[in-house]
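Examining the three-dimensional arrangement
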Amino acid sequence: MPRILIADDNAPNADLLEAHLDGTGHETKIVYNGEDTIAAAKAWQPDLILLDVMMPKMSGFEVCRRLRSDPATRDVAVLMVTALDQANDVETAVETGTDDFLTKPINKTELLLRVRAMLESRDRPTELERELAYIGRVQAGL
């Protein structure tokens, strides 16, 4: 069963993401700040992290940087989920190593499509193959 870590300092937002994933065959866990996200990523070893950017103790951007720099967490898929929607925010997210970026308010269908595509593409042997598989699945709506 794939594990999805939900990192959002706003409990109703985190609960909504968890509710969207309910019944989809995923195990979920919620954390509410950046430091706890890093700790949970190492201890719980999720397959995917739904990562808010604006969090206390450490921003989602910094969390992503640290995840990517640690051999124990560098391959965890990261989908940033945030209210930020400016071009420079997306650019910063990509620079920190996120796999994709969704803007709030979250559309349930879009979220589930991205989650499914990301998890299904993770078994590819190279980063390029993972990215191409992910993009293909999202474009096809699989």
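Structure: above.
Below: a short report on this structure. (Residues numbered from 1 in each chain as written. Predicted model: local features only at pLDDT ≥ 70, side-chain atom pairs only at ≥ 80, totals over all residues. Heavy atoms only, no water.)

The helix and strand inventory of the protein chain stands at 6 helices and 5 strands. Element order for the protein chain, N to C, with α for helix and β for strand: β-α-β-α-β-α-β-α-β-α-α. A compact globule built from 142 residues would reach a C-alpha radius of gyration of about 14 Å, and the protein chain, at 14 Å, matches this within 12%. C-alpha extents for the protein chain along the principal axes are approximately 35 × 35 × 30 Å. Among the 142 residues that make up the protein chain, the fraction classed as buried is 45%. Nonlocal contacts in the protein chain, meaning residues at least 24 apart in sequence, comprise 55% of its contacts between residues at least 6 apart. As presented, the protein chain carries roughly 7,300 Å² of accessible surface, and 49% of it is formed by carbon and sulfur atoms. (Helix = DSSP H or I, 4+ residues; strand = E, 2+ residues; numbered from the N terminus. Rg over C-alpha atoms; globule rule 2.2 N^0.38 Å. Buried < 20%, exposed > 50% of the residue type's maximum accessible area, 1.4 Å probe, protein only. Contact = heavy atoms within 4.5 Å. Areas by Shrake-Rupley, 256 points an atom, 1.4 Å probe, with all protein chains shown as cover.)

The subject of this paragraph is the environment of Leu 50. Mapped onto the secondary structure, Leu 50 falls in strand S3 (residues 48-51). Separated by 43 residues in the primary sequence, Leu 50 and Ala 7 have C-alpha atoms spaced 6.0 Å apart. Apart from residues no more than four positions distant in its own chain, Leu 50 is found in contact with Ile 4, Leu 5, Ile 6, Ala 7, Leu 17, Leu 21, Leu 79, Val 81, Leu 111 and Val 115.

On to the layout of surface pockets, then. In this structure, the largest pocket encloses a volume near 310 Å³. Every residue lining the largest pocket is counted, 14 residues in all, and those nearest its centre are Arg 68, Asp 99, Arg 122, Glu 127 and Glu 131. At the level of elements, helix H5 (108-121) and helix H6 (127-140) are the ones that each hand at least two residues to the lining of the largest pocket. When its residues are assigned to classes, the lining of the largest pocket shows 3 nonpolar, 3 polar and 8 charged. (1 Å grid on protein atoms, 1.4 Å probe; cavity = no way out; pocket = protein on both sides within 12 Å on 5 of 7 lines; lining within 4 Å. Points joined across faces, edges and corners; volume = space filled by probe spheres on them. Nonpolar A, V, L, I, M, F, W, Y, C, P; charged D, E, K, R; others polar.)

This part is about the side chain of Asp 70. Looking at the element boundaries, Asp 70 is found in the loop between helix H3 (60-69) and strand S4 (77-82). Residue classification places Asp 70 among the buried residues on the basis of a relative accessible area of 18%. Within the local environment of Asp 70, its side chain forms a polar contact with the side chain of Lys 42, the two groups lying 3.2 Å apart. (Polar contact = N/O pair within 3.5 Å; in protein donor to acceptor, adjacent residues only side chain to side chain.)

The strand order across the open sheet built from 5 strands is S2-S1-S3-S4-S5, with neighbouring strands paired in parallel fashion. For this open sheet the edge positions go to strand S2 (27-31) and strand S5 (100-103), each flanked by a neighbour on one side alone. In this sheet, adjacent strand axes meet at a mean angle of 20° when their direction is disregarded. As defined by bridge partners, strand S1 (residues 3-7) adjoins S2 across 5 bridges and the pair is classed as parallel. When the sheet's bridge partners are listed, Leu 5 is paired in S2 with Lys 29. Across the sheet, helix H2 (residues 34-44) lies against S1, S2 and S3, angled at about 170° from S1, the strand it touches most. (Pairing = 2+ DSSP bridges. Axes fitted to C-alpha atoms, helices over the stretch in contact; angles between N-to-C directions.)

Side chains of residues three or four places apart in an α-helix project in the same direction, reflecting 3.6 residues per turn. Every buried residue of H3 is listed here: Gly 60, Phe 61, Val 63, Cys 64, Leu 67 and Arg 68. For H3, the angular spread of buried residues about the axis comes to 160°, placing them on one side. (Arc of directions from axis to C-beta.)

In this model, H6 (14 residues) spans 20 Å end to end at C-alpha, consistent with the 20 Å of a helix rising 1.5 Å per residue. What H6 keeps buried is the set Arg 130, Ala 133, Tyr 134 and Val 138. Down the axis of H6, the buried set is contained in an arc of 130°. They therefore lie on one face. What points out from H6, more than 90 degrees from its buried face, is the exposed set Leu 128, Leu 132, Gln 139 and Ala 140. Residues of H6 that are buried sit in contact with S5 and H5. Of the residues flanking the end of H6, it is Gly 141, one or two places downstream, whose phi is positive at about 75°. (Expected span 1.5 Å × (residues − 1).)

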